[in-house]
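# Structural characterization, general
Here is what each chain is made of, one letter per residue.
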Amino acid sequence: MSILVTGGAGFIGSHTCLELLNSNHQIIVLDNFSNSNMESLNRVKNLTSKEFKVYDVNLLDRESVDHVFRENHIEAVVHFAGLKAVGESVEKPNYYYQNNITGTLVLTEMMDKYNVRNLVFSSSATVYGVPEDVPIAEDFPLSATNPYGRTKLMIEEILKDLYVSSNDWSIAFLRYFNPIGAHESGLIGEDPKGIPNNLMPYITQVATGKLPELNVFGNDYSTPDGTGVRDYIHVVDLAKGHIKALEKVLSESGVEAYNLGTGQGYSVLELVAAFEKASGQKIPYKIAPRRPGDIAECYADPSKAERELGWKAEKSLEEMCLDSWRWQEGNPEGYLIKEVEIK
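Residues numbered from 1 in each chain as written. Predicted model: local features only at pLDDT ≥ 70, side-chain atom pairs only at ≥ 80, totals over all residues. Heavy atoms only, no water.

## Focus: the layout of surface pockets
Of the pockets and cavities examined, the second largest pocket occupies roughly 240 Å³. Taken together, 18 residues make up the lining of the second largest pocket; nearest its centre are Asp191, Pro192, Lys193, Lys210 and Glu333. Along the lines of polarity and charge, the residues of the lining of the second largest pocket split into seven nonpolar, six polar and five charged. (1 Å grid on protein atoms, 1.4 Å probe; cavity = no way out; pocket = protein on both sides within 12 Å on 5 of 7 lines; lining within 4 Å. Points joined across faces, edges and corners; volume = space filled by probe spheres on them. Nonpolar A, V, L, I, M, F, W, Y, C, P; charged D, E, K, R; others polar.)

Written as structure tokens, this is what we have:
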């Protein structure tokens, strides 16, 4: 019995593959490598000394997805695959709805066809839209401020309907806050294509000199230093949350949402200061105008995940910064090396 990991070559996916293998699960990876690199999976293999199948398949290709299910005995699915850039989603909404929602519909159609009813879905804190209060709990009102967030919210609704249609489905939505960090080995980490959309890879690329300075969007929020406050979580803690969620969906049916965050908010300038201290690198920055849709504070109430999954984030902000820097310093061009074919 194997766990199918869609989007398993990505930042969170590759770290989760590693934790699944370390937990003695067998895995199969499905990825179309549109925003990831095969090298991440080569390194997961090297770190774990374990082999696994990799399929270069797009979820929109129904016939190829059917082939993956037909060829393997799949017990559960961890579903990461999807487009994830907020700005791009505003520019190309059709592209995001087609890819993220239709891809998930093809996946669940094949799961249903082959009687695979256990699913851990990679959702996002963006489903809370602009929260009225913090910390954010799972029962807060749901909304979204951009097409990317709406795809996550719509997929959650689709999966709830699946459970209503057949109560033998077991589904967990994992609503991430702000994943940063990298594996402590420095061999796998975040490798954005082009200019990073997320704060930490932007900081690390400034630290290496690849980018000249950091833009801090807004310093007039009602926060201690005026910059936006977010809940940063180490990607390894996040990956371990998927293992706990998988254990739950394999043991009982139902559909539940869980926040994966630390419950602690840090401002942009606090993160910059922590990174400078951990890395010894100076990060030049300039204050830029606020971005539309940005909010002052966003951090999780993660108590439900601790109570029901037995999961709690353990790594400190210092560890997040140190591991991010170790990855970037050792891989200044990310995974941009000659790839080894995986069969």
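Having seen it, we continue.
## Here's the deal with the packing of aromatic side chains
This model, assessed by the stated rule, comprises five aromatic pairs. Judged by centre distance (6.4 Å) and plane angle (90°), the rings of Phe121 and Phe173 are edge-to-face. Remark: Phe173 occurs in strand E6 (residues 170-176) and Phe121 occurs in strand E5 (residues 118-124); sequence separation between them is 52 residues. Exposure remark for Phe121: the relative accessible area of 2% places this residue in the buried category. With a centroid separation of 5.9 Å and an interplanar angle of 90°, the aromatic rings of Phe275 and Trp325 are classed as edge-to-face. Pair noted here: Phe275 is in helix H9 (residues 268-279) and Trp325 is in helix H11 (residues 317-330), with a separation of 50 residues, a long-range link. Against the face of Phe52 rests Lys45, its NZ or CZ located 5.4 Å from the ring centre. Across from the ring centre of Tyr221, 4.0 Å away, lies the NZ or CZ of Arg290, which sits over that ring. (Phe/Tyr/Trp six-rings, centres within 6.5 Å; stacked < 30°, edge-to-face > 60°. Helix = DSSP H or I, 4+ residues; strand = E, 2+ residues; numbered from the N terminus. Buried < 20%, exposed > 50% of the residue type's maximum accessible area, 1.4 Å probe, protein only. Lys NZ or Arg CZ within 6 Å of the ring centre and 35° of its normal.)

## Some points on the side chain of Glu276
The topology assignment puts Glu276 in helix H9. For Glu276, the side chain forms a polar contact with the main-chain nitrogen of Ile283, separated by 2.8 Å. Not counting residues within four places of it along the chain, the set of residues in contact with Glu276 comprises Gln281, Lys282 and Ile283. (Polar contact = N/O pair within 3.5 Å; in protein donor to acceptor, adjacent residues only side chain to side chain. Contact = heavy atoms within 4.5 Å.)

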